[in-house]
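Chain by chain, the residues:
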Amino acid sequence: MSHDTVILVTAVTAAAVIAAAGGWFLRGYLYQHALRRKQQFFGLPDNSECLLVVSRDTGADGAVARNDVFALLELASVIKACGANAQVMSGDTPQQGFGERTEICLGGPTGSRRMAAHLHSLLPGVSVNTDSAPGPDRGAFTIGTERHRLENGSVEHVLLARLTAGQEGRPVFLACGQRSITHQAAVRYLAKHHQRLARKHGSRGNFVLLLRVVNSQAYGPDVVEMIGDVTKEATTPRPKLTTSKQL
């Protein structure tokens, strides 16, 4: 092998090593950057704690609904990826404020006093019809002046919110739906679209989204449409209603 050939082989080898090292470094940098943005959006730095609050299923002797369990499993994956730890509590148990640690609260106001309190204090523009008697407005959401009715297995709604108590406070995420399958749908939507949500609303920004779960009896929690951003309507107090039972 000639001297020139040796030099050429050495140069090519060195270039390949440098390119591989550069690619490895770039992938590592991009991964760490994405991880930090994810941790910032969820308020979950390394070794932090996340409170998962789940409601009881009023139709199943107070047990946790099957779809809420699936939602918790999906959240556990997100929390683990952030390097944080999870604590699961019943919606009737926590008696504390929010902002000291990230909270993700699943459920409706009938099965969770915690969710009822969050709706009252954080989303005064939202009311949920909690009448037990059958009727077209049973379970309906009223947001501002718009009413969104429940059609079991066909059209179901869920509010997905990220709210903070000041710039330094950890966020509270709410998934308040008309049925438990909508909570799983909202959690899946959040996990899938958190990067887009962070770009649109900021990594520390507040938002309230109204989602529609389409034909859950056929597609489960997989087909979700965003009806719109209802942050302004949901956070603006509504006039007092005196006709039906509202929360």
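Scroll up a little and you will see the structure.
What you see is a predicted model; the values in this text were computed from it and never measured.

(A) Region of interest: the pattern of salt bridges. In total, this model carries eight salt bridges according to the counting rule given. Between Glu 103 and Arg 114 there is a salt bridge; the shortest N-O distance is 2.7 Å. Here the residue Glu 103 occupies a position in strand 3 (residues 102–106), and Arg 114 occupies one in helix 3 (residues 113–122), the gap between them amounting to eleven residues. A residue is classified by how much of its surface remains accessible, and Glu 103, at 2% relative accessible area, is buried. On the accessibility criterion, Arg 114 (8% relative accessible area) is buried. The salt bridge involving Asp 137 is made with Arg 149; its shortest N-O contact spans 2.6 Å. Taken as a pair, Asp 137 in the loop between strand 4 (126–128) and strand 5 (141–143) and Arg 149 in the loop between strand 6 (146–148) and strand 7 (155–163) lie far apart in primary sequence, twelve residues in all. Overall, Arg 149 belongs to the partly exposed group, its relative accessible area being 43%. One network of salt bridges, with partners in common, ties together Glu 74, Arg 188 and Asp 222.

(B) Looking closely at the packing of aromatic side chains. Applying the stated criterion to the full structure yields four aromatic pairs. Consider the rings of Phe 41 and Phe 173, whose centres lie 5.8 Å apart with planes at 55 degrees: the pair is tilted. Of this pair, Phe 41 sits in helix 1 (residues 3–42) while Phe 173 sits in strand 8 (residues 172–177), and the two are 132 residues apart along the sequence. Both residues of the pair, Phe 41 and Phe 173, belong to the buried class. Pairing Phe 42 with Phe 173 gives two aromatic rings, centres 5.5 Å apart and planes at 40 degrees, and the pair type is tilted. With Phe 42 in helix 1 and Phe 173 in strand 8, the pair connects residues that are 131 residues apart, well separated along the chain. Each member of the pair, Phe 42 as well as Phe 173, carries the same accessibility label: buried. Of the aromatic side chains, those joined through ring pairs into one cluster are Phe 41, Phe 42, Phe 173 and Phe 207.

The rules behind each value
- Residues numbered from 1 in each chain as written.
- Predicted model: local features only at pLDDT ≥ 70, side-chain atom pairs only at ≥ 80, totals over all residues.
- Heavy atoms only, no water.
- Salt bridge = Lys/Arg side-chain N within 4 Å of Asp/Glu carboxyl O.
- Helix = DSSP H or I, 4+ residues; strand = E, 2+ residues; numbered from the N terminus.
- Buried < 20%, exposed > 50% of the residue type's maximum accessible area, 1.4 Å probe, protein only.
- Phe/Tyr/Trp six-rings, centres within 6.5 Å; stacked < 30°, edge-to-face > 60°.

Worth remembering: the numbers are spatial, not functional.
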